[in-house]
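Working through the structure, step by step
Here is how the chains run, residue by residue.
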Amino acid sequence: MDGEVCIIGGGAAGLMCAMTAARRGRRVRVIEHARQVGRKILMSGGGRCNFTNLYTAPDNFLSANPHFCKSALARYSQWDFIALVEQHGIAYHEKEAGQLFCDESSKEIVRMLLAECAEAGVEIVTGCAVLAVRASGSGFTLQTARGPLDCGRLVLASGGLSIPKMGATGFAYEIAQQFGHALEPTRAALVPFTLSGRPLQDWEGLAGLSHPVRVSAGGMSFDGALLLTHRGLSGPAILQISSYWSPGEDLAIDWLPGQDAASALLAAKRGSPAQSLAGWLAAQMPRRLAQRLAELAGAEEAPLAQRRDAELSALGARLNDWRIRPSGTEGYRTAEVTLGGVSTEAVSSTSMESALQPGLHFVGEALDVTGHLGGFNFQWAWASGHAAGQAL
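So, here is what we can say about the structure in this document. (Residues numbered from 1 in each chain as written. Predicted model: local features only at pLDDT ≥ 70, side-chain atom pairs only at ≥ 80, totals over all residues. Heavy atoms only, no water.)

**Here we look at helix H13 (residues 376-391)**
Here H13 is 16 residues long and its end C-alpha atoms lie 23 Å apart, about the 22 Å a rise of 1.5 Å per residue gives. With 13 of 16 residues buried, H13 lies mostly within the body of the structure. (Helix = DSSP H or I, 4+ residues; strand = E, 2+ residues; numbered from the N terminus. Expected span 1.5 Å × (residues − 1). Buried < 20%, exposed > 50% of the residue type's maximum accessible area, 1.4 Å probe, protein only.)

Next up, the structure:
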């Protein structure tokens, strides 16, 4: 159908785009290669879907053009999505830092989107791979596993490269390049770090221990929990900083955020001179972690009274600026999102439409817009999907 809208990808952005366009009277067909839509929604947030963040703002997103996300986020905000959730009677709660989760299950969000799509008359086709796309006189012709399909407008909502076991592919990137779009370099983001050699040995036996830290890299810092794993480092603070870290760069970890450790150690020397560094640290973090930090600093046994002030000052400075160099990340296998993607340079920030190929739109993770951890990437999916749906 020449007037039909085809959306490739039945994830968050694709379903939002579909229901928005269909409400406006467009004939919409969603084509999903997996056997069910919304698979990433279902597994997100430990099965409870961190569907948005109360504090969503443009500075929560990375892009070669940091201004690109502003229009869509302003026109479909977190409050708009929250209103939709409430309209469907879905109970939710704030976990921390504005992160909103379903009380019960991520399935509620998928059911809500499918109900909206059904009411608007969206056709959803699952288990159908799109093999090729070409422009035609009246729009586009898709070669699918079920035969050719014509449409007037095409939306690429097939996501990025993260979590390939969920079916993630670079399809959107391939089609974008086919129509002349540039790609910003892609890499795994919101992803744990791996350690090897001595850095890994330093933390051996502590897998599962977690502690609040401030971690810095690439000119950015994040507060949150650091989790030691069998392979390296994870936890919210680590996932956040992974989007800013560059290979070969050290992570700077403040084990005592908000505290001047040097001054605190000197005060402890006066107040509790018989205490060891490990004992002092154990009052502020898991004992095994405290012991290991003291060992790595070469100061595990002697009481504070036996240490010179200069030595304690140096130890404190190290605790506030502990350096660890990752060997890499866990990659797309466990990454929550893909950094980079289709350059926004030739894409309209209001309609998500290509400036190079009329009728072609990009939404969600396929574009070079990546949110911080905490519901921001879902909000970009809702906002960008809504923007394209309004324009179709």
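So that's the structure; there's more coming.
**Some words on the sheet that holds strand E14 (residues 210-217)**
Pairing is antiparallel in the open sheet, where seven strands are placed in the order E18-E17-E14-E15-E16-E13-E19. Because the sheet does not close on itself, it has two edges, and the strands there are strand E18 (322-324) and strand E19 (328-329). Set on the sheet, helix H12 (residues 309-320) makes contact with strand E17 (251-254) and E18; between it and E17 the angle comes to about 115°. (Pairing = 2+ DSSP bridges. Contact = heavy atoms within 4.5 Å. Axes fitted to C-alpha atoms, helices over the stretch in contact; angles between N-to-C directions.)

**Here we look at unusual backbone geometry**
Peptide bonds are, in most cases, trans, and in most cases residues other than glycine have a negative phi. A positive phi is found at Leu190, a non-glycine position, where the angle reads about 50°. The topology assignment puts Leu190 in the loop between strand E12 (183-189) and strand E13 (193-194). Note on Leu190: relative accessible area 1%, which makes it buried. The phi dihedral of Met352 is positive, around 65°, even though this residue is not glycine. Here Met352 lies in the loop between strand E20 (337-342) and strand E21 (360-362).

**As for helix H9 (residues 261-271)**
Among the residues of H9, those classed as buried are Ala261, Ala262, Leu265, Leu266, Ala268 and Lys269. Relative to the axis of H9, the buried residues are bounded by an arc of 160° and lie together on one face. Facing away from the buried surface of H9 by more than 90 degrees, the exposed residues are Arg270 and Gly271. On its buried face, H9 is in contact with helix H10 (277-282) and H12. (Arc of directions from axis to C-beta.)

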